[in-house]
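Each chain, letter by letter, is given below.
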Amino acid sequence: MIAMRGVNKWFGQMRVLADINLTVAEGEKLVICGPSGSGKSTLIRCINQLEHHQMGDIVVNGIKVDAELKTLDLVRRDIGMVFQSFNLYPHMTVLQNLMLAQVWVQGRKRRDAEEVARHYLDRVHIPEQADKFPAQLSGGQQQRVAIARALCTKPKIMLFDEPTSALDPEMIKEVLDVMTELATEGMTMICVTHEMGFARNVANRVIFMDAGRIVEQGPPAEFFSNPQSDRAKLFLSQVRLN
Amino acid sequence: MATDHTAFLPPPVVSAGPLAWMRRNLFTDWRQTALTLIVLYAVIRGVPPLLGWLFVDATWQGTRDDCVANGGACWAFVSARWGQFIYGFYPADERWRVNVTFAMLALSVVPLVLPMVRGKGWIIGFLLTLYPVLAFCLLYGGVFGLPVVETARWGGFMLTLVVAITGIVGSLPIGILLALGRRSNMPAIRTFCTLFIELFRAVPLITVLFMASVMLPLFLPTGFSLDKLLRALIGVAVFNGALMAEVVRGGLQAIPKGQYEAATAAGMGYWRMMGFVILPQALRLVIPGLVNTWVAIIKDTTLVLIIGLFDLLGIVQAGVADANWLSASVTKTGYVFAAMGFWILCFSLSRYSMYLERRLGLGASR
């Protein structure tokens, strides 16, 4: 479903992605972890081209991703993204947040869009918040709205960029629960996260990155019990394994 | 049952009542007391004579001689010239057209101001597309059997409104486009917009109006002439568009990067992202700045006097120079009247903006 071959990216002189080779099959759940600054976010942001890579190929759903506007549109249509800081539109109600892209990108009728929006609000367990503004919700609720918003356009792939890092400990669980439900339904998911418990329980594969490279990858059971590289061993010894 | 009586005690007497309030706020120490007394003295010396001039000694009906005899404001002059102050040299028989034009505007603006009215999009659409055409047809004439009234005969409060409203409505889209252009990734567009903004920002409006009225015809092909008022309107809109652009740009800079990313990731293109996500937030943030510019536009309409158009101030100025009325009290009254006209316009605009900010602030607070 996603294939990255020899992907490289530089910020100025700094090489933030170095020869990334990665394939993701349909229905696979990937967790990307690693120390901060290792290129995890940049990697998934290259998939929907919020960042442009400078070398190598990225193919999503058979479409080669480049800076061409038309292919970008096609590719982004199939990818939903959830951000660390939610990025809900603060001037719109929850319902309007969920309907905007449906109506103005996908050309869905207002009534249908509202139906879809309410359906996904149900799915993230906050149907009663439809008419509130984002600022009136808790962080956990906002992030669930953000997940629902991404799902409304019926994407085939979901990207999560540290979805729980800006949340209070109490709210992390409600967001992870929604993500776990999504995973059991077969969505293709790529999550950058520090939640090792989620990685252990939900992921098919864990990718460990350091200094722009994929250092190690494998099924979570193997990765957590028997990491191969010293860098991964050091990392795992320092994060909380809950 | 044991009752806690302290819960029902009234507040201590010292902190309530007007006397305590005065003691706390006006006579705290000797400096406050001195300031209070100075202000009080200024009010006592200033206000009664002002009220006397405005109302008690004022002449409401009569001629210049009555005004000179009474010594107060000469409202008789204002009421004698009322028609001219409002309509300029617009023919008396055709003035209903001006009334209809502005009544239509008022009738469409009122539902816009009320929060409970639905379908505001349609009203705005009407105001921005059909209304200008209708207004032009009505005011200028030449269609529907209405006799033509040359723009040279427009004047007074009506002209002030025409220039101010065109300036306000015209400058906003120009400003938005220039602001977006200045932040564009395309070097040619960015350079053009930056140069444009910096050029118009760095010259006085009078210069722009002079250019529009004297220089512009030189560049137009012969036999093709633009109406003087139209040239002034374009000048005002473009000049203020450049000012507006910087206000809007300030708002654009305040929008977090995440908003752009969320819209982009959702597959929105540039214009949809700007139109639905970025601009609504940015414009909300800069309401005070926008209204500041709008108020300045209303007041700057007086500068069209320079190129021979008679707005409210211009027509008052011409009126007080009339030999039949020439006197100190008439002159003062005329200028006070013009000032009140502008003040009412600008003050109501700023009140409305405060209301708008409060109402929109509900969803925008983060």
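As the structure is a computational prediction, the values presented were derived from the model and not from experiment. (Residues numbered from 1 in each chain as written. Chains lettered and ligands numbered in written order. Predicted model: local features only at pLDDT ≥ 70, side-chain atom pairs only at ≥ 80, totals over all residues. Heavy atoms only, no water.)

Here we come to the environment of Arg183 of chain B. All names here are of chain B. Counting through the fold element by element, Arg183 comes out in the loop between helix H7 (156–182) and helix H8 (187–201). By relative accessible area, Arg183 is classed as partly exposed at 35%. For Arg183, the residues in contact, after removing those within four places along its chain, are Arg249, Leu252, Gln253 and Tyr260. (Helix = DSSP H or I, 4+ residues; strand = E, 2+ residues; numbered from the N terminus. Buried < 20%, exposed > 50% of the residue type's maximum accessible area, 1.4 Å probe, protein only. Contact = heavy atoms within 4.5 Å.)

Before going further, it helps to examine the confidence of the model for chain B. Looking at chain B, the pLDDT average stands at 86 and 94% of residues meet or exceed 70. At the level of chain-chain contacts, confidence expressed as ipTM amounts to 0.92, with global pTM at 0.83. (pLDDT = per-residue confidence, 0-100.)

The next subject is the packing of aromatic side chains. Tallied over the entire structure, the rule returns 17 aromatic pairs over all chains. When the centroid spacing of 6.0 Å and the interplanar angle of 35° are considered together, the rings of Phe208 of chain A and Phe223 of chain A count as tilted. In this pair, Phe208 of chain A is assigned in strand S9 (residues 205–210) and Phe223 of chain A in helix H8 (residues 220–225), connecting sequence segments 15 residues apart. As far as burial versus exposure is concerned, Phe208 of chain A and Phe223 of chain A are alike and both buried. Each ring, one from Tyr270 of chain B and one from Trp271 of chain B, has its centre 5.1 Å from the other, and the planes form 85°; the classification is edge-to-face. Look at Trp271 of chain B and you get exposed, because its relative accessible area is 58%. (Phe/Tyr/Trp six-rings, centres within 6.5 Å; stacked < 30°, edge-to-face > 60°.)

Looking along a regular strand, one sees side chains alternate from face to face of the sheet. Residue and element names in this part refer to chain A. Within strand S7 (residues 157–161), five of the five residues are buried, leaving the element largely enclosed by the surrounding structure. Here S7 shows no split at all, with Ile157, Leu159 and Asp161 on one side and Met158 and Phe160 on the other all buried. The pairing of S7 with strand S8 (residues 188–192) spans five bridges and is parallel. For Asp161, the partnering residue across the bridge sits in S8 and is Val192. The β-α-β motif built from S7, the intervening helix H6 (residues 169–184) and the parallel element S8 has right-handed crossover chirality. (Pairing = 2+ DSSP bridges. Right-handed = clockwise from strand over helix to strand, strands pointing away.)

Grouped together as the largest cluster of nonpolar side chains are 122 residues, with contacts concentrated most on Met4, Val60 and Ile190 of chain A together with Trp154 of chain B. The contact partners of Ile190 of chain A, leaving out residues within four places of it in the chain, are Ile2, Val24, Leu30, Ile32, Ile44, Ile47, Met158, Leu159 and Phe160 of chain A. Among the nonpolar cores identified, the runner-up in size contains 52 residues, and Leu151, Leu176, Val178 and Phe235 of chain A belong to it. (Core = buried A, V, L, I, M, F, W, Y, C linked by side-chain atoms within 4.5 Å.)

Residue and element names in this part refer to chain B. Inspection of the entire model under this criterion finds one disulfide over all chains. Paired through a disulfide, Cys67 and Cys74 show a sulfur-sulfur distance of 1.9 Å. Here Cys67 and Cys74 share a disulfide; its torsion about the S-S bond, 65°, makes the bridge right-handed. For Cys74, a relative accessible area of 0% corresponds to the buried category. (Disulfide = S-S within 2.5 Å.)

Chain A puts 21 residues into the contact, and the matching count from chain B is 22 residues. At the boundary of chain A with chain B, the tally comes to one salt bridge. Where Glu261 of chain B meets Arg45 of chain A, a salt bridge forms, and the shortest distance between an N and an O atom there is 2.6 Å. Where chain A packs against chain B, one counts five residue pairs in polar contact (both at pLDDT 80 or more). The dominant element in the side of chain A that touches chain B, judged by the number of residues it contributes, is helix H3 (residues 94–104) of chain A, at three residues. (Salt bridge = Lys/Arg side-chain N within 4 Å of Asp/Glu carboxyl O. Polar contact = N/O pair within 3.5 Å; in protein donor to acceptor, adjacent residues only side chain to side chain.)

What follows covers the layout of surface pockets. Roughly 1100 Å³ of volume is contained in the second largest pocket. In this structure, the second largest pocket is lined by 30 residues; those nearest its centre are Asn185, Tyr260, Thr264, Tyr270 and Met273 of chain B. Mapped by element, the contributors of at least two residues to the lining of the second largest pocket are helix H2 (69–77) of chain A together with H7, helix H11 (257–265) and helix H12 (270–285) of chain B. Considering only residue class, the lining of the second largest pocket consists of 15 nonpolar, eight polar and seven charged. (1 Å grid on protein atoms, 1.4 Å probe; cavity = no way out; pocket = protein on both sides within 12 Å on 5 of 7 lines; lining within 4 Å. Points joined across faces, edges and corners; volume = space filled by probe spheres on them. Nonpolar A, V, L, I, M, F, W, Y, C, P; charged D, E, K, R; others polar.)

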